[in-house]
Amino acid sequence: MRLEYTDRQQRFRQEVRDWLEQHVPKQPLRSFDTEEGFADHRAWEGKLAGGRWSAVTWPKEVGGRGCDLIEWLIFEEEYWRAGAPLRVNQNGIFLLAPTLMEYGTEEQKQRFLPRMATGEDIWAQGWSEPGAGSDMAAIRCKAVRDGDHYVISGQKTWSTRAVWADWLFGLFRTDPESVRHHGLTFILLPLNLPGITIRPVQQLNGQTGFAEIFFDEVRVPVHNRLADEGAGWQVAMATAGFERGLMLRSPGRFQQTAKSLVELYLRHQAHADADPSVRDAVMQSWMGAEAYALATYRTASRMAKGAQIGAEASTNKIFWSELDLLMHETAMRILGARAELMPHAPDAGDIGNWLDGFLFAQAGPIYAGTNEIQRNIIAERMLGLPRS
Amino acid sequence: MDFTFEEQQVAFRDAVRKFLMVEAAPEMLREIWETESGRSRDLRAKLADQGITALSVPEEFGGIGLGDLDWVLINQELGYYAIPDSLSDTAYLAAWLLTRLPSDISLKKAWLPRIANGTARIALGHPVNPFVADAQLADLLLLWHNDEVHAVQRDQVKLSFNPSIEMSRRLYKVEWTPSDATRVAPARIGRDLWEGVLNRAALAVSAQQLGLAQRMLDLGIDHSAQRKQFGKPIGSFQAVKHQLADVAVKIEFAKPVVFRAAQALATNRPRAAVHVSHAKLAACEAAWLSARRSMQVHGAMGYTWEADLQMFMKRAWALDAAWGDRAFHKTRVAKFIFAEGSELGPGDTFN
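Below: a short report on this structure. As the structure is a computational prediction, the values presented were derived from the model and not from experiment.

Each partner contributes to the interface: chain A provides 48 residues, whereas chain B provides 39 residues. Of all elements in the fold, only helix 1 (7-23), helix 3 (69-81), helix 8 (251-267), helix 10 (276-304), helix 11 (312-335) and helix 13 (371-382) of chain A reach the threshold of two or more residues within the side of chain A that touches chain B. Counting residues per element, the side of chain A that touches chain B draws most heavily on helix 10 of chain A, which supplies 13 residues. Of the residues belonging to the side of chain A that touches chain B, the class tally is 24 nonpolar, ten polar and 14 charged.

What follows is the structure, given as structure tokens:
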């Protein structure tokens with residue numbers, strides 16, 4: 001065990017820090033769930049790519065730096081520390097890309113990865129359907145083979161970033177006779193094809209972060225298929241596997257929030273201490289963020305030594321989503337009667353963006369597989385309890 | 001940066017685990033409860049044969065000269081099997097303290113080899129604990145007095161036994177008179193030494209709590225996989241599954257906090273005390289949650305004397321306040337978090 005950074009890692013951190021100091025926008029970008037904000041964030045992805053920082057773990061040939069997981073953690077720590085913008089292409093870079101690298105053909109990697117790295121293609125995901133939420137194997141949206149095309153008909157929903165994104169990856173039923181997780185195929189498609197209708201869905205904060213997508217005999221070339229026909233479930237599980245557990249939410253994000261929460265508490269201590277449980281919640285928040293960072297470093301170290309991460313990834317999802325709720329609930333309690341104010345309210349004072357984070361934290365235990373589904377996975381695959 | 005244990009450390013842990021699996025079955029624990037001392041000479045001798053008592057004793061005194069990281073793994077096992085013996089008080093803490101006493105070579109020569117070969121028991125009296133564990137059986141007591149370290153023989157102290165709900169705890173109030181003859185380190189040196197003892201003791205308890213939490217979880221899993229209601233194992237019901245999954249999450253995120261504290265002590269990091277207190281809080285929370293949830297899935301059986309759960313559950317409850325209760329450790333963490341200039345953000349984790 002050696003819990004110190006090597007000289008090389010320290011130099012890498014300094015390099016990241018220097019670049020971010022020069023390039024992170026001084027004014028926060030507009031929300032990427034608005035049209036203008038989406039464009040701002042796409043431009044930021046391009047700027048990151050210009051410094052070769054948009055996908056540090058990827059191989060150099062496709063726009064990355066070939067970083068290992070520890071360097072990735074360092075990059076992420078600096079990224080959140082610098083207050084850099086949210087990643088509009090995170091579903092592509094952190095979820096689809098690792099899957100593409102494992103299952104994609106050479107042609108597909110060359111075609112998709114470099115444009116993903118630069119933000120020229122922003123990716124949305126197409127998993128859920130009206131009848132297939134937690135029960136993803138109930139997918140019905142069909143893709144019928146017609147020569148060298150699939151003809152897609154049906155509906156996807158809760159498709160994050162789909163309102164302004166360029167491409168979609170998702171699961172479609174290619175075998176009409178199949179049931180459950182058989183006969184599904186992983187397909188990549190541009191969202192501007194004829195027959196596609198996108199209906200934005202307004203979220204809790206009033207913005208359109210996700211959308212419903214309707215497919216009316218949409219023709220997609222067969223070479224847009226990822227891996228074999230009918231292998232979609234396994235490919236999707238890989239996407240939902242350790243990358244989701246490890247890469248979707250890096251610890252730096254929560255550590256930065258925890259640090260801000262401590263500062264918020266100290267600024268408002270006289271008022272906050274009138275409720276003694278607030279101080280404890282602030283401490284639990286900081287300790288939780290620290291524990292999440294430590295657990296991630298431990299996982300990264302074990303993977304570097306060849307360990308495979310299985311159901312433990314589900315413990316991550318539960319931990320960070322509950323931590324995020326705790327931190328934002330605590331901030332709301334500290335802000336008291338001003339917590340409900342919109343940031344542009346004339347008397348908002350220093351309330352910052354806690355409200356926005358609080359709203360988003362409500363979604364954490366639901367997206368990327370509800371925490372109830374994660375608990376089932378932990379109970380059955382990690383603890384060996386009998387299936388229901 | 002490498003957050004994994006060395007192969008050797010894991011191999012030793014595995015050997016100890018295999019040994020305890022055979023030698024420390026719950027029936028044996030119950031037998032030892034019935035004895036007056038609550039301790040088994042035979043078990044202590046066998047533990048010494050495994051090399052555990054020699055772990056922290058320097059090689060020149062007949063030991064192996066290992067340290068905090070090795071102990072954090074072994075203490076998890078001692079917790080998992082609820083070993084009825086304050087083994088790590090003698091072999092980890094007293095060995096650490098004696099080794100670092102200034103110059104008193106005769107004391108080291110007298111006691112360290114005996115610790116290594118498993119023939120000495122040493123009890124520790126620190127003001128954070130109102131009682132001294134296993135004082136009755138101790139061959140020597142190392143006691144705090146105004147930050148000084150005193151080495152006191154068993155016949156120089158007056159003991160009163162305080163029974164605990166945890167049948168294998170043996171707690172004593174100790175009355176004694178400090179003198180120049182008993183003093184083995186002055187306050188200016190003793191202060192740091194006692195801080196070192198306290199941190200290692202709290203770390204040892206944390207690791208034991210991790211082991212206890214895992215054991216209670218395992219008992220809960222076994223019970224809920226076997227017990228049938230409505231024609232099915234109760235473990236197939238989501239309401240039961242989720243109770244136990246929560247425990248798995250707590251343990252998963254307490255472990256690295258405890259391991260980091262061990263590494264911080266081993267490498268003498270400036271924040272080590274904060275890390276230890278964080279570890280103690282995280283591990284005790286995991287152990288208490290595991291106790292509560294395992295009790296719940298055991299149903300009425302969990303409330304009986306007969307079910308083995310009690311021996312782990314009561315230990316977990318008792319250790320919560322050993323070597324600093326939650327208030328003590330929270331205060332230490334708070335002092336760090338809320339101090340001006342503390343580095344709390346991303347990238348500061350390993351400062």
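Before going further, it helps to spend a moment on unusual backbone geometry. For Arg161(A), which is not glycine, the phi torsion reads 70 degrees and is therefore positive. You can see Arg161(A) is positioned in the loop between strand 3 (149-160) and strand 4 (167-173). Of note, Asn146(B) is a non-glycine position whose phi angle comes to about 45 degrees, a positive value. With respect to the secondary-structure elements, Asn146(B) resides in the loop between strand 3 (140-145) and strand 4 (148-153).

All names here are of chain B. Most of strand 4 sits out of view: five of its six residues are buried. As defined by bridge partners, strand 3 adjoins strand 4 across six bridges and the pair is classed as antiparallel. Paired with Leu140 across the two strands is Gln153, which belongs to strand 4. Where strand 3 hands over to strand 4, the hairpin turn is made up of two residues, of which Asn146 adopts a positive phi near 45 degrees. Bridging between strand 4 and strand 7 (residues 183-185) involves two bridges; their strand directions are antiparallel. Residue pairing across strands places His150 opposite Arg183, the latter belonging to strand 7.

Bringing the environment of Glu263(A) into the picture now. All names here are of chain A. Here Glu263 is to be found in helix 8. Overall, Glu263 belongs to the exposed group, with 12 C-beta atoms counted inside 10 Å. Spatially, the C-alpha atoms of Glu263 and Val62 are 40 Å apart, while their sequence positions differ by 201 residues.

With that settled, the discussion passes to helix 11 (residues 326-337) of chain B. Taking 1.5 Å as the rise per residue, helix 11 of chain B with twelve residues should run 16 Å; its terminal C-alpha atoms sit 16 Å apart, in good agreement. Three or more residues of helix 11 of chain B are buried, namely His329(B), Lys330(B), Val333(B) and Ile337(B). One side of helix 11 of chain B holds all its buried residues, which, seen down the axis, span an arc of 100 degrees. Every exposed residue of helix 11 of chain B that faces more than 90 degrees away from the buried side is listed here: Ala327(B) and Thr331(B). Considering only its buried residues, helix 11 of chain B is in contact with helix 8 and helix 10 of chain A together with helix 9 (272-298) of chain B.

Bringing the pairing of strand 5 (residues 184-190) of chain A into the picture now. Residues and elements named next belong to chain A. Where burial is concerned, most of strand 5 is hidden: six out of the seven residues are buried. Two elements, strand 4 and strand 5, share seven bridges in a ladder whose sense is antiparallel. Residue Phe169 lies in a different strand from strand 5, and its bridge partner there is Leu188. Judged from the two bridges that link them, strand 5 and strand 8 (residues 225-226) form a sheet pairing that is antiparallel. If you follow Ile187 over to strand 8, its bridge partner there is Arg225.

Residues and elements named next belong to chain B. The four strands are arranged 1-3-4-7 in an open sheet whose pairing can be described as mixed. Every interior strand has two partners, whereas the edge strands, strand 1 (122-125) and strand 7, have only one. Adjacent strand axes in the sheet meet at a mean angle of 30 degrees, parallel and antiparallel pairs treated alike.

Residues and elements named next belong to chain A. One way to put it is that helix 3 packs onto helix 10 with a least axis distance of 9 Å and a crossing angle of 155 degrees. Judged by the inter-axis angle, helix 3 sits roughly antiparallel to helix 10. For the pair formed by helix 3 and helix 10, the contact residues are Leu69, Ile70 and Leu73 on the first element and Thr296, Tyr297, Ala300, Met303 and Ala304 on the second. Looking at the contact of helix 3 with helix 10 residue by residue, the class counts come to seven nonpolar, one polar and no charged.

Reading guide: rules and limits
- Residues numbered from 1 in each chain as written.
- Chains lettered and ligands numbered in written order.
- Predicted model: local features only at pLDDT ≥ 70, side-chain atom pairs only at ≥ 80, totals over all residues.
- Contact = placed C-beta atoms within 7 Å.
- Helix = DSSP H or I, 4+ residues; strand = E, 2+ residues; numbered from the N terminus.
- Nonpolar A, V, L, I, M, F, W, Y, C, P; charged D, E, K, R; others polar.
- Buried ≥ 20, exposed ≤ 12 C-beta atoms within 10 Å, placed from the backbone.
- Pairing = 2+ DSSP bridges.
- Expected span 1.5 Å × (residues − 1).
- Arc of directions from axis to C-beta.
- Axes fitted to C-alpha atoms, helices over the stretch in contact; angles between N-to-C directions.
- Parallel < 35°, antiparallel > 145°, perpendicular 65-115°, else oblique.

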